[in-house]
Amino acid sequence: MEISNKKINEILNKEHSLKYHDKSELIDVVWPDFVEVEGCILIKKYTEDNIKINIEHIIHQFGDRTGFEASESHVHMIDISKTFKKHPLEGLRFAKKLLKIWSIKLKIDFPEYEFILILTYHDDDTILRFHRLRESEEIWININNIEDFEEGIIIRKV
């Protein structure tokens, strides 16, 4: 249970300028709201109240729900902070922590599902993405041949 008073709610609802990061609310990256839409688990962006997707179009464009999730549910570290653009290895270190946090959050929100989380690092950016593991669909990335990838990669199954 959580309760709050009117004063703190007024403070939290005030518009404010972002002090420590660029375009994204850092807390929304670290502890995102994950939502299920048409059997797909997506990151809810703070501007979206009601996410709707055309699943027939998604299947046509991406091949399956897994491909759509992996393409849609990701974040680039260089989009989180100018620091990560200047110091890509710091972005990689941050993404490794984020990988652990997202693993926990996905299992809290959707304990009945299994997920694949994929962290890739290539030259100047780290990308963290995930998708739901489905018996009826292939995994988005071949986890048996990770040494064949040009970029650095970490794959976590939760």
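Throughout what follows, the structure given in this document is the object of discussion. Nothing here was measured: the structure is a model prediction, and the numbers come from that model.

Now for the overall build of the protein chain. Secondary structure summary: the protein chain contains six helices and six strands in total. Order of helices (α) and strands (β) in the protein chain, N terminus to C terminus: α-α-β-β-α-α-β-α-α-β-β-β. When the 158 residues of the protein chain are sorted by exposure, 37% land in the buried category. Of the contacts formed within the protein chain by residues at least 6 apart in sequence, a portion of 62% connects residues at least 24 apart. With an accessible surface of roughly 10700 Å², the protein chain has 50% of that area assigned to carbon and sulfur atoms.

This next bit is on unusual backbone geometry. The phi angle at E38 is positive, at roughly 55 degrees, despite the residue not being glycine. One can find E38 in the loop between β1 (33-37) and β2 (40-44). Even without a glycine there, the phi angle at D123 is positive, about 60 degrees. Of note, D123 is situated in the loop between β4 (115-122) and β5 (125-132).

On to the pairing of β2. With respect to burial, β2 is a largely interior element, four of its five residues being buried. Where β1 and β2 come together, five bridges link them in antiparallel fashion. Paired with V37 across the two strands is C40, which belongs to β2.

Here we take up helix α4 (residues 65-72). What α4 keeps buried is the set T66, G67, F68, E69 and A70. If you follow the buried residues of α4, they end up packed against β2, α3 (55-62), β3 (74-76) and β5. Put simply, D64 is the residue that caps the front of α4, since its side-chain oxygen is 3.3 Å from the backbone nitrogen of T66.

Turning to the packing of aromatic side chains, a few remarks are in order. A complete count under the given rule lists nine aromatic pairs for this structure. Their ring planes at 75 degrees and their centres at 6.2 Å tell us that F115 and F130 sit as a pair that is edge-to-face. You can see F115 sitting in strand β4 and its partner F130 sitting in strand β5, a full 15 residues away along the chain. Residue F115 is classed as buried on the basis of its relative accessible area, which comes to 0%.

A sheet is described by the order of its strands in space; here four strands give the open sequence β3-β5-β4-β6, paired in antiparallel fashion. Single-partner strands in this sheet number two, and they are β3 and β6 (152-157). The average angle at which neighbouring strand axes cross in this sheet is 10 degrees, direction not considered. Relative to β6, β4 runs antiparallel, the two being bridged by six bridges. Its bridge partner being in β6, Y121 is matched across the sheet by G152. Those strands touched by α4 are β3 and β5, and its axis lies near 150 degrees from that of β5. Relative to the sheet, helix α6 (residues 88-109) contacts β3, β4, β5 and β6, its axis offset from that of β4 by approximately 175 degrees.

The next point concerns the pattern of salt bridges. Within this structure, the stated rule accounts for five salt bridges. A salt bridge links D109 to K105, with the nearest nitrogen and oxygen atoms 2.6 Å apart. In this pair, D109 and K105 are both assigned in helix α6, four residues apart and thus about one turn of the helix distant. Taking relative accessible area as the criterion, D109 reaches 27% and is therefore assigned partly exposed.

Attention now goes to the packing of α3 against α4. At a closest axis distance of 8 Å, the pairing of α3 and α4 adopts a crossing angle of 85 degrees. In this view, α3 runs roughly perpendicular relative to α4, as classed from their interaxial angle. Along its contact with α3, which presents I55, I58, I59 and F62, the element α4 presents R65, G67, F68 and S71. Grouping the constituent residues of the contact of α3 with α4 by class yields five nonpolar, two polar and one charged.

What counts as what
- Residues numbered from 1 in each chain as written.
- Predicted model: local features only at pLDDT ≥ 70, side-chain atom pairs only at ≥ 80, totals over all residues.
- Heavy atoms only, no water.
- Helix = DSSP H or I, 4+ residues; strand = E, 2+ residues; numbered from the N terminus.
- Buried < 20%, exposed > 50% of the residue type's maximum accessible area, 1.4 Å probe, protein only.
- Contact = heavy atoms within 4.5 Å.
- Areas by Shrake-Rupley, 256 points an atom, 1.4 Å probe, with all protein chains shown as cover.
- Pairing = 2+ DSSP bridges.
- Polar contact = N/O pair within 3.5 Å; in protein donor to acceptor, adjacent residues only side chain to side chain.
- Phe/Tyr/Trp six-rings, centres within 6.5 Å; stacked < 30°, edge-to-face > 60°.
- Axes fitted to C-alpha atoms, helices over the stretch in contact; angles between N-to-C directions.
- Salt bridge = Lys/Arg side-chain N within 4 Å of Asp/Glu carboxyl O.
- Parallel < 35°, antiparallel > 145°, perpendicular 65-115°, else oblique.
- Nonpolar A, V, L, I, M, F, W, Y, C, P; charged D, E, K, R; others polar.

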